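Given next are the chains, with one letter for each unit.
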Amino acid sequence: MGTQVQKHFDQLPDEMFSIVQATTAGIGARLGRLVLPGRAVIETPHYLASTSRGVVPHITPDNFVRSTSIQGVYVGLEDFLGARRTPPVAPPAANPNTAGTIAVCTAVGFKALHSDDYIEGVQHVQPDIVLSLADVPYGRALGNRRVERAVDRSTQWLNDHVEARRQASMPQAKLFASLLPVACRNQSYYIESVRDHAAKDVSGLVIHDLSTLENLPMELGPLPRLGFTSPATPQEVLRHIRLGIDVCTIPFTSEATDNGIALSFAFPAPNDVCRDEPLPLGVDMWSIEHAADCSPLTPDCGCYACTDHHRAYIQHLLSAKEMLAWVLLQIHNHHIIESFFRSIRRSLVEGTYNRDVERFQQAYESQLPAKTGEGPRVRGYQYKSEGPGEQRKNRPAYNTLDDRKEAVAGSKSVKLDADSNTLQQQGFAEKQL
Ligand SMILES: [Zn+2]
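Since we're looking at a predicted model, the values are computed, not measured. (Residues numbered from 1 in each chain as written. Predicted model: local features only at pLDDT ≥ 70, side-chain atom pairs only at ≥ 80, totals over all residues. Heavy atoms only, no water.)

Trainee: Lay out the UniProt feature "binding site: Zn(2+)" (unreviewed entry) in the protein with the relevant residues and their values.
Mentor: Taking the numbering used here, the UniProt-annotated feature "binding site: Zn(2+)" (unreviewed entry) corresponds to C301, C303, C306 and H332. Taking the farthest pair of C-alpha atoms as the criterion, the annotated set spanning 32 residues converges on one region, since that pair is 8.3 Å apart. Considering the arrangement of structural elements, one finds C303 in the loop between β14 (282–284) and α8 (304–308). Apart from the residues lying within four places of it in its own chain, the contact partners of C303 are I331, H332 and H335. For C306, the position within the fold is in helix α8. Since its relative accessible area comes to 8%, C306 is described here as buried. In contact with C306, not counting residues within four places along its chain, are P296, L297, T298, C301 and H332. (UniProt positions renumbered as here; feature names shortened; annotations may be inferred. Helix = DSSP H or I, 4+ residues; strand = E, 2+ residues; numbered from the N terminus. Contact = heavy atoms within 4.5 Å. Buried < 20%, exposed > 50% of the residue type's maximum accessible area, 1.4 Å probe, protein only.)

Trainee: Residue-level account of the nonpolar core, with values.
Mentor: Counting 98 residues, the largest nonpolar core has V194, F265, F340, F341 and I344 as its most contacted members. A total of 12 residues in this core trace back to one element, the largest contributor, which is helix α10 (residues 324–350). Those residues in contact with F265 that sit more than four places away from it in its chain are P234, F252, L281, I336, I337, F340, F360 and Y364. (Core = buried A, V, L, I, M, F, W, Y, C linked by side-chain atoms within 4.5 Å.)

Trainee: Please give an account of the sheet that holds strand β11 (residues 225–227) that cites residues and values.
Mentor: In space, the 7 strands of this open sheet follow the order β5-β4-β12-β11-β10-β9-β8, with parallel pairing throughout. Only two strands of the sheet have a single partner each, and these edge strands are β5 (73–74) and β8 (129–131). Two strands pair when backbone bridges link them, and β11 and strand β12 (residues 247–249) are joined in this way by 2 bridges, in the parallel orientation. From the neighbouring strand, G227 faces β12, where its bridge partner is C248. (Pairing = 2+ DSSP bridges.)

Trainee: Give me the packing of aromatic side chains: which residues, what numbers.
Mentor: Tallied over the entire structure, the rule returns 10 aromatic pairs. Ring centres of F267 and F360 lie 5.9 Å apart, and the angle between their planes is 55 degrees; this geometry places the pair in the tilted category. Placement of the pair is F267 in the loop between β13 (261–263) and β14 and F360 in helix α11 (residues 353–363), with a sequence separation of 93 residues. There is no split in this pair, since F267 and F360 are both buried. Through pairs of rings, three or more aromatic residues link up here, namely Y47, F265, F267, F340, F341, Y353, F360 and Y364. (Phe/Tyr/Trp six-rings, centres within 6.5 Å; stacked < 30°, edge-to-face > 60°.)

Trainee: Just give me the short version of the coordination of the zinc ion, but keep the residues and values in it.
Mentor: Protein coordination at the zinc ion: the donors are C301 (SG), C303 (SG), C306 (SG) and H332 (ND1), at 2.1 to 2.4 Å from the metal. The coordination sphere of the zinc ion comprises 4 donor atoms, whose angles at the metal cover 99 to 116 degrees; the geometry is tetrahedral. Here the donor residues for the zinc ion map to a single chain with the spacing C-x1-C-x2-C-x25-H. Comparing C301 with C303 shows no difference in burial state: the two are buried. (Donors = N, O, S within 2.8 Å, 3.2 Å for Na, K, Ca; no water. Tetrahedral: all angles 85-135°; square planar, octahedral: opposite > 155°, others 65-115°.)

Take a look at the structure:
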């Protein structure tokens, strides 16, 4: 963080998050403004683009600036040194969280990250917002006894984090408290501690499960709510916002891109939709039907992919496994999500949100199209290895043609430096004169 920004930090009013308009007196959809030092104001509801190894997948920094209008990203320190990605890779049963550590998936396998190292690490990196470490066991449920332990650990880690911030001399990132993925009444001791720190040190909440929003104490109501609730469809995004999420990550954006799907939904839904034939949420660009189609991915889309290229080109790029295919799809898909959130905010301003959500649900299919083609190569940090004998995640790009398999199998004596006559004699290939 530069000195100019640091100066800013002291001059800014305390109001980091302000609620512009609420739809209910309790916890529910609302419009807000998130003001972070040295950054453009983020109008909420909004989304954060998920990153992998520090970048939005397929988008280089120059394309990020030139061809997207993404306003915020979420980076899991796990990709470098510490806390979890979103969505996280579930650790094997042999690597549970402990009293002082959480299990993280790093470049060199699963490691135990100590809470002290996490606090020191994030102070060093200086992001705009930092999430407190919580004992969230991904991939398994929190039973009663386990919740008690999670409450104790998370309270301890939050207190340690607040203490370390108080002792640090430099300006600190905004601290958001990670709540456990259970109802508030089941983590009341921890919630009390969050409430104690809310006046001074805790600036926001991280919601891992929607059940936490039930009976959220009124005192915590004004804090911005960052959702890691993994909505799987735009319909779920609409529901999570209705339940009170202000900012969330949307894992299905990059997933659709990897699957060769161009998102195609708009909010509110078009007026003239036939109820018997719901609209698709996305277009499968692997389909050969686009091979000669010179139209954009979606009509009237203003993104770089749609204004400079057409479906036939993107279909060709996918078939040829050119990585530009995924770059263009990712630019388009983020543009669709950006427009979706802009329209959500407009709908809230106009007071038509509930009606618009209902119309969206009637107009669109309930699931994104299924994947039909092969995505880009899956990397080790994107899945958990099941051990020896596991099926290969990535099919080899090149295979021996069927009619050559036998010849190759029967020619074990073929040497790479054999001349063309020898290779022909052994049936390995034919010479063309
Ligand atoms: Zn587009």
